[in-house]
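Letter by letter, the chains look like this.
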Amino acid sequence: MNQHFKPNSVAGRDVASHLHSQTNPKRFEEKGPLVVTRGEGIRVFDDAGKSYIDAMAGLWCASLGFNNARLAAAANRQYNELGFYHTFFNRTHGPATDLAEKLLALTGMKGGKAYFATSGSEANETMVKLAWVYHTVRGKPTKRKVIARDRAFHGSTIAAASMCGLTFMHREFGLPLPGFIHTLCPDTYRGKLDGESDDAFADRLAAELEKLILREGPDSIAAFIAEPINAGGGIIVPPKSYFAKIQRVLKKYDILCLDDEIVCGFGRTGNWFGKETVGFTPDMMALAKGLSSSYFPISAVVLAPEIYDAVNEFNKQGGSFGHGFTNSGHPVGVAVALEAIKIYEEMDVVAHVRKMGARLREHFDALAKKFPIIGDVRGAGLMLGIEIVADRESRTPFDPALQAGLTFDQIAYENGLIGRCMGDTLGFSPPLIVTEKDVDEIAERCEKSLKQLATYLAKS
Ligand SMILES: Cc1ncc(COP(=O)(O)O)c(C=O)c1O
């Protein structure tokens with residue numbers, strides 16, 4: 001990275017003027033930023049002209065790569081037609097209507113509604129507020145608490161951050177807010193007891209959830225939120241029977257199921273939505289990222305008819321739904337999302353991701369045979385993780401002081417591969433447009449980086 005950046009360079013001016021998300025301020029001041037100047041398919045280029053394969057699609061989001069001309073043209077067309085209009089006070093425009101219909105059809109939320117916002121965090125917070133309306137209308141206004149899971153990531157606004165199960169999202173801010181509680185993470189690699197089957201593990205997770213509900217009081221709990229496959233917590237695929245068992249408990253206590261599809265949606269896991277991959281039947285779904293391939297800040301909530309009925313019932317005396325964002329249903333955002341979905345359909349995204357995902361998985365399984373530091377390979381579709389360990393047999397992690405995951409990221413970066421470690425789990429979530437050749441190249445650069453990492457760790 002720009003070790004010797006000059007004060008008047010972009011890097012130097014950036015250090016002087018820009019506070020960055022999820023970045024250590026001191027390290028940033030010393031090292032400066034990676035200045036990304038342009039994109040070409042799955043690759044990005046820095047200000048020295050060096051090219052990188054971004055095997056994380058940015059932040060699990062640029063599913064169609066970094067310079068898709070059709071998305072640019074769709075935005076341009078819409079800017080020339082109607083560059084802004086809002087969706088408050090009975091207003092709409094054709095593209096917003098088209099996208100609402102399309103999302104209901106794709107998600108199978110028959111008779112429901114789509115609501116638009118501009119970020120994943122807002123979509124998740126919108127689901128919480130809708131859950132509160134739902135229970136209030138049904139005469140259960142005390143049902144307010146939300147259960148999320150340890151290691152979950154649901155965003156950065158105050159309630160969304162409270163739903164995160166990651167201490168780095170809480171510690172500076174005195175979060176979580178009261179009323180946001182957490183149950184166990186369904187991590188089959190680290191969470192199972194000795195000799196416990198996946199099914200028995202799922203039983204135990206459901207039993208723990210029930211204990212938590214009974215301890216807090218079922219009349220105090222509004223909703224449970226989960227990603228089908230946890231992305232930011234380390235690519236955690238739950239046991240097969242997990243969601244069925246969890247949902248049985250939630251139903252028993254009249255608790256709504258909120259599905260955070262912000263990473264998993266739009267083909268990422270080898271189905272249109274992650275809920276299909278893991279057998280989850282939610283009452284509401286939050287969509288963002290792949291929705292527009294992140295070419296515009298747009299998100300959506302898709303809600304079941306009963307949730308909409310509650311909003312309607314609450315306002316039957318003439319009040320209005322007291323929620324909304326200036327850019328909800330922004331015409332350019334919805335136009336870009338419609339075009340992105342059209343491209344996903346034309347490329348048969350589900351079939352393509354299954355094929356490319358299986359190829360990348362094969363490469364990673366082969367690497368696991370070569371490198372004893374690989375403890376686990378997991379994921380679905382094009383959302384894969386490699387967990388590295390000090391001892392495979394006992395699953396002993398590396399000493400955190402070694403920063404094994406972070407070191408891999410730095411080595412990979414030098415080798416022109418952008419990955420993303422979550423602790424010692426190396427994440428791979430490339431743009432969904434990857435070809436066989438791209439997948440092979442990601443695996444090659446990964447192998448080269450693992451070799452260097454293993455040498456470094458052996459010396460440490
Ligand atoms: C699963 C999940 N939910 C929610 C969010 C928050 O989305 P945003 O950053 O658009 O608010 C993210 C962001 O990475 C995410 O990964």
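Thoughts on the domain arrangement of the chain
Alright, step 1. Splitting the chain by domain gives domain 1 (1-33), domain 2 (45-67 + 349-459) and domain 3 (71-346).
Alright, step 2. Domain 1 and domain 3 are separated by 34 Å when their C-alpha centres are compared.

Topic: helix 8 (residues 198-216)
Alright, step 1. Spanning 19 residues, helix 8 covers 27 Å between terminal C-alpha atoms, matching the ideal 27 Å at 1.5 Å per step.
Alright, step 2. Buried within helix 8 we find Phe 201, Ala 202, Leu 205, Ala 206, Leu 209, Glu 210, Leu 212 and Ile 213.
Alright, step 3. Contact partners of the buried residues in helix 8: strand 5 (145-149), strand 6 (180-183), strand 7 (221-226) and helix 9 (242-252).
Alright, step 4. Gly 217, located one to two residues past helix 8, shows a positive phi value of around 100°.

Brief notes about the sheet that holds strand 10 (residues 299-303)
Alright, step 1. Taking strand neighbours across the sheet as the criterion, the seven strands line up as 4-10-9-8-7-5-6 in an open arrangement whose pairing is mixed. Strands with a single pairing partner mark the edges of an open sheet, and in this sheet they are strand 4 (113-117) and strand 6. Each neighbouring strand pair of the sheet contributes to a mean axis angle of 25°, computed without reference to strand direction.
Alright, step 2. The pairing of strand 8 (residues 256-260) with strand 9 (residues 284-287) spans three bridges and is parallel. Within the sheet, the bridge partner assigned to Asp 259 lies in strand 9 and is Met 285.

Some details on the side chain of Ser 220
Alright, step 1. Here Ser 220 is to be found in the loop between helix 8 and strand 7.
Alright, step 2. Polar side-chain contacts of Ser 220 include one of 3.1 Å to the backbone oxygen of Glu 216.
Alright, step 3. Aside from chain neighbours lying at most four places away, what touches Ser 220 is Thr 142, Lys 143, Arg 144 and Lys 145.

Comments concerning the packing of aromatic side chains
Alright, step 1. Tallied over the entire structure, the rule returns 12 aromatic pairs.
Alright, step 2. Look at Phe 266 and Phe 273: their rings are 5.2 Å apart centre to centre, the planes differ by 70°, and that puts the pair in the edge-to-face class.
Alright, step 3. One aromatic cluster in this structure is built from Phe 266, Trp 272, Phe 273 and Tyr 344.
Alright, step 4. The ring of Phe 45 has Arg 38 lying over it, and the distance from NZ or CZ to the ring centre is 3.9 Å.
Alright, step 5. Positioned above the aromatic ring of Tyr 413 is the side chain of Lys 50, whose terminal nitrogen or guanidinium carbon lies 5.6 Å from the ring centre.

Points about the site of the ligand
Alright, step 1. Taken together, Ser 119, Gly 120, Ser 121, Asn 124, Phe 153, His 154, Gly 155, Glu 227, Asp 260, Ile 262, Val 263 and Lys 289 make up the full set of residues adjacent to the ligand.
Alright, step 2. At 2.8 Å from an oxygen atom of the ligand is found a main-chain nitrogen or oxygen belonging to Gly 120.
Alright, step 3. Take Lys 289: an N or O atom from its side chain is 2.8 Å from an oxygen atom of the ligand.
Alright, step 4. In terms of residue count, the dominant contributor to the shell around the ligand is helix 6 (residues 120-137) (three residues).
Alright, step 5. Looking at side-chain class alone, the shell around the ligand contains three nonpolar, six polar and three charged residues.

Rules and cut-offs
Residues numbered from 1 in each chain as written. Predicted model: local features only at pLDDT ≥ 70, side-chain atom pairs only at ≥ 80, totals over all residues. Heavy atoms only, no water. Domains from an automatic or database assignment. Helix = DSSP H or I, 4+ residues; strand = E, 2+ residues; numbered from the N terminus. Expected span 1.5 Å × (residues − 1). Buried < 20%, exposed > 50% of the residue type's maximum accessible area, 1.4 Å probe, protein only. Contact = heavy atoms within 4.5 Å. Pairing = 2+ DSSP bridges. Axes fitted to C-alpha atoms, helices over the stretch in contact; angles between N-to-C directions. Polar contact = N/O pair within 3.5 Å; in protein donor to acceptor, adjacent residues only side chain to side chain. Phe/Tyr/Trp six-rings, centres within 6.5 Å; stacked < 30°, edge-to-face > 60°. Lys NZ or Arg CZ within 6 Å of the ring centre and 35° of its normal. Near = heavy atom within 4 Å. Nonpolar A, V, L, I, M, F, W, Y, C, P; charged D, E, K, R; others polar.

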